[in-house]
Amino acid sequence: MKGKVDVLLGAVWGDEGKGKIVDYLTPKYDIVCRFQGGNNAGHTICFNGEKYVLHLIPSGIFNDNCINIIGNGVVIDPIELLKEIKMLENKGIDVKSRLYISKKAHLILPSHKLLDRANEESRGESKIGSTLKGIGPVYTDKVSRNGIRVGDIFGDIKDMVFNLTSIHWSKMTTGFLTSTTASELDHQKENKLFLDACDELKEYNIIDSEYYINQALSESKSILAEGAQGALLDVDFGTYPFVTSSNTTVGGVITGLGVPPQKINKVIGIFKAYTTRVGSGPFPTELGGGTGDKMRNLGQEYGATTGRPRRCGWLDLPLLKYSCMINGITELHMMKLDVLDTFNDIKVCTGYIVNGGDTSQIPYNYDDIVTPIYENFDGWNTQIGDVKSYSDLPKDCKKYIEFIEKYLGVPIKLVSLGPDREATIEKNPQ
Ligand code: GDP
Ligand code: IMO
Ligand code: MG
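Cut-offs used in this document
Residues numbered from 1 in each chain as written. Chains lettered and ligands numbered in written order. Predicted model: local features only at pLDDT ≥ 70, side-chain atom pairs only at ≥ 80, totals over all residues. Heavy atoms only, no water. Donors = N, O, S within 2.8 Å, 3.2 Å for Na, K, Ca; no water. Helix = DSSP H or I, 4+ residues; strand = E, 2+ residues; numbered from the N terminus. Near = heavy atom within 4 Å. Polar contact = N/O pair within 3.5 Å; in protein donor to acceptor, adjacent residues only side chain to side chain. Areas by Shrake-Rupley, 256 points an atom, 1.4 Å probe, with all protein chains shown as cover. Nonpolar A, V, L, I, M, F, W, Y, C, P; charged D, E, K, R; others polar. Buried < 20%, exposed > 50% of the residue type's maximum accessible area, 1.4 Å probe, protein only. Contact = heavy atoms within 4.5 Å. Pairing = 2+ DSSP bridges. Axes fitted to C-alpha atoms, helices over the stretch in contact; angles between N-to-C directions. Parallel < 35°, antiparallel > 145°, perpendicular 65-115°, else oblique. Left-handed = near helix turned anticlockwise from the far one by under 90°. Expected span 1.5 Å × (residues − 1). Core = buried A, V, L, I, M, F, W, Y, C linked by side-chain atoms within 4.5 Å.

Undergrad: What is the right way to read the coordination of the magnesium ion (ligand 3) from this model?
TA: When a metal carries six donors in an octahedron, the ideal angles between them are 90 or 180 degrees, while four donors in a tetrahedron ideally lie at 109.5 degrees. Each protein donor to the magnesium ion (ligand 3) is listed here as Asp 15 (OD) and Gly 42 (O); together their distances run 2.1 to 2.2 Å. In this pair, Asp 15 is assigned in the loop between β1 (5–10) and α1 (18–25) and Gly 42 in the loop between β2 (31–34) and β3 (43–47), connecting sequence segments 27 residues apart.

Undergrad: Before we go on, may I ask you to explain the site of ligand 2 in this structure?
TA: Taken together, the neighbourhood of ligand 2 is formed by 20 residues, with Asp 15, Lys 18, His 43, Thr 131 and Thr 244 sitting nearest. At a separation of 2.9 Å, an oxygen atom of ligand 2 approaches a polar backbone atom of Gly 42. Burial of ligand 2 by the protein amounts to 97% of the accessible area it has alone, namely 550 Å². Residues belonging to the shell around ligand 2 are distributed by class as follows: seven nonpolar, 10 polar and three charged.

Undergrad: Could you clarify how one ought to interpret the site of ligand 1 in this entry?
TA: For ligand 1, the set of nearby residues contains 19 residues, the closest of which are Gly 17, Lys 18, Thr 44, Asp 338 and Ser 416. The contact in question runs from an oxygen atom of ligand 1 to an N or O atom on the backbone of Gly 17, over 2.8 Å. Residue Asp 338 places a side-chain N or O atom 2.8 Å away from a nitrogen atom belonging to ligand 1. Relative to its free-state accessible area of 590 Å², ligand 1 is covered by the protein chains to the extent of 93%. Contributing elements (two or more residues each) for the shell around ligand 1: α1 and β3.

Undergrad: I would appreciate a short explanation of the side chain of Gln 229 in the present structure.
TA: By the element assignment, Gln 229 lies in the loop between β10 (223–226) and α8 (251–257). Using a relative accessible area of 8% as the deciding quantity, one classes Gln 229 as buried. Excluding residues that lie within four positions of it along the chain, Gln 229 makes contacts with Gly 10, Gly 14, Glu 16, Lys 18, Gln 36, Gly 37, Asn 40, Ala 41, Thr 244, Ser 246 and Thr 248.

Undergrad: Is there a simple way to explain the pairing of β3 in this structure?
TA: Consecutive side chains along a regular strand alternate between the two faces of the sheet. With four of five residues buried, β3 is to be regarded as a mostly interior element. With five bridges joining them, β3 and strand β4 (residues 50–54) adopt antiparallel strand pairing. The partner of Phe 47 across the bridge, within β4, is Glu 50. Hairpin connection of β3 to β4: two residues between the antiparallel strands, including Asn 48 at a positive phi of 45°.

Undergrad: What should I look at first to understand the packing of helix α3 (residues 110–123) against helix α5 (residues 157–173) in this one?
TA: For any two helices packed against each other, the geometry comes down to the angle between their axes and how far apart the axes lie. Close contact between α3 and α5 brings their axes to 10 Å; oriented N to C, the two are set at 20°. Relative to α5, the element α3 lies roughly parallel. As for the relative orientation of α3 and α5, their crossing is left-handed in sense. Between α3 and α5, the contacting residues are Ser 111, His 112, Leu 114, Leu 115 and Ala 118 on the first element and Leu 164, Thr 165, His 168, Trp 169, Lys 171 and Met 172 on the second. Here the contact of α3 with α5 is built from residues that sort into six nonpolar, four polar and one charged.

Undergrad: Hey, could you run me through α3 in this one?
TA: Helical geometry note: an α-helix holds 3.6 residues per turn, so side chains three or four residues apart project in the same direction. Taking 1.5 Å per residue, 14 residues should reach 20 Å; α3 reaches 21 Å between its end C-alpha atoms and fits that length. Residues of α3 that are buried: Pro 110, Ser 111, His 112, Leu 114, Leu 115, Asp 116, Ala 118 and Glu 120. Two residues or fewer after α3 comes Gly 124, characterised by a positive phi angle close to 55°.

Undergrad: Looking at this model, I keep getting lost on the sheet that holds strand β9 (residues 205–207). Mind explaining?
TA: Within a sheet, each strand pairs with its neighbour through backbone hydrogen bonds, oriented either parallel or antiparallel. Spatially, the 10 strands line up as an open sheet ordered β9-β7-β5-β2-β10-β1-β11-β15-β19-β20, and their pairing is mixed. For this open sheet the edge positions go to β9 and β20 (424–426), each flanked by a neighbour on one side alone. Neighbour to neighbour, the strand axes of the sheet diverge by 20° on average, direction disregarded. Of the pairings in the sheet, the one linking β2 to strand β5 (residues 67–70) comprises four bridges and is parallel in character. Paired with Arg 34 across the strands is Ile 70, a residue of β5.

Undergrad: Would you mind going over the environment of Met 334 with me for this structure?
TA: Relative to the helices and strands, Met 334 is located in strand β15 (residues 331–335). For Met 334, a relative accessible area of 0% gives the class buried. When the C-alpha atoms of Met 334 and Val 415 are compared, they prove to be 4.8 Å apart, with 81 residues separating the residues in sequence. The contact partners of Met 334, leaving out residues within four places of it in the chain, are Phe 271, Ala 273, Tyr 400, Ile 401, Ile 404, Ile 412, Leu 414, Val 415 and Ser 416.

Undergrad: Can you walk me through the nonpolar core in this structure?
TA: One broad trend across soluble globular proteins is that nonpolar side chains are buried collectively. Counting residues in each nonpolar core, the largest one holds 72 residues, and the members touching the most others are Phe 271, Leu 337 and Tyr 400. Among the elements that make up this core, the one with the highest residue count is helix α11 (residues 395–408) (six residues). When sequence neighbours within four positions are dropped, the list of residues in contact with Phe 271 reads Ala 11, Val 12, Glu 16, Leu 315, Leu 320, Leu 332, His 333, Met 334, Met 335, Ile 404 and Ile 412. If you look at the next biggest cluster of nonpolar residues, it comprises 36 residues, including Val 74, Ala 197, Cys 198 and Ile 206.

Undergrad: What is the right way to look at the packing of helix α10 (residues 317–327) against α11 in this model?
TA: Between α10 and α11, the shortest axis-to-axis distance is 10 Å and the interhelical angle comes to 50°. The pairing of α10 with α11 is recorded here as oblique in orientation. Handedness of the α10/α11 crossing: right-handed. For the pair α10 and α11, contact is made by Leu 317, Pro 318, Leu 320 and Lys 321 and by Phe 403, Ile 404, Tyr 407 and Leu 408, respectively. Per-class residue counts for the contact of α10 with α11 are seven nonpolar, no polar and one charged.

If you want it as structure tokens, here you go:
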């Protein structure tokens, strides 16, 4: 809608297929913005036989008419950002004229990555399973008012970097945190690479993105905000402490771009036809053994950023309902339905037994969950990858979709049947 911001959010634990759908929707928008997270994200886009994985650059970059903004709420590793820009430029995609970066986005230093590793090592058995991209430590510095921002690259950033690095270094060497991988020499070499990358970044469009975005809205431009991670990884509402360090839910759009709440129009929640999670933390419907392995193989469930195998399980409706509530989701997009094609029996969790009683509310402490309660569905045992309209889906498949829609009370407007742009059907196309 003109003059408004639509939002696309991961509704579960990330990797729902946000990249694919942002790319699919991009022709409808003038601007696509990332508003939180960093290169812990890995968003996959497939078209014309090519596959791209984006970590920091918004997934609108493949459309020539679309401006892409990395908003103030994002954290940027300049070395990784330049790698990504070059990867796209090598494929003939013009990035420079269509990518805008907020001056207020915080920078990830090499020592943030070392701290991430040291933090994980010090947690031992209870490690988060971080992507080790420095995300937690950089947001910690932002909130504790020690951070360095993109706009600082135009000033005397070298001193700022060395000062912050020495704070990090002392944290790692005073015994509180230890790192088996850090060495002071590597540290200085890395800082040089970091400073070179900051220098190179000066050639790009570094802007006051909150002014740019609000001006664009006043000119009736349409904006899509692209979430990273998922609602259950939100630092406030996720499965704390097994979360990321930003607000992945709708509030993150307001703080991460500087748009007023009245400007938000649609909130699109995206989820898989089953559930996955990468990293540690609770996962009530997780499947061990054969069924989980089958899902992982058929869905190619390996992390787009770290390559780690994703944990797999049945769809968890109480989690999704919570996500709809927190985010005010106005429509849902269901991804990877084709992965369930060969399952004879499909289960969906509709509630839990917690401390002996039934509930559909997700608990404060997941250790209390004894058993998920499941509803059983017959599989459709048909390949659906080439289906082109909703009405042509098998009856049992539609039954599955419509049950979920009814439980959640939110329409499922799009169903995805394969990684490619083309393998997408809209339920009631306008
Ligand atoms: P994101 O982080 O939310 O953008 O998702 P990822 O890119 O990390 O993970 C989604 C994976 O599923 C990618 O490998 C996509 O190419 C793939 N994918 C997306 N939609 C579909 C689909 O409908 N069916 C299948 N089989 N794969 C899909
Ligand atoms: P996209 O945008 C799935 C997970 C990590 C770990 C936790 C904290 O591709 O959906 P961090 O690196 O932030 O300290 O990790 O969050 N995680 C993701 N899981 N998809 C992602 O992004 C993720 N980004 C972080 O695995 O459990
Ligand atoms: Mg991903």
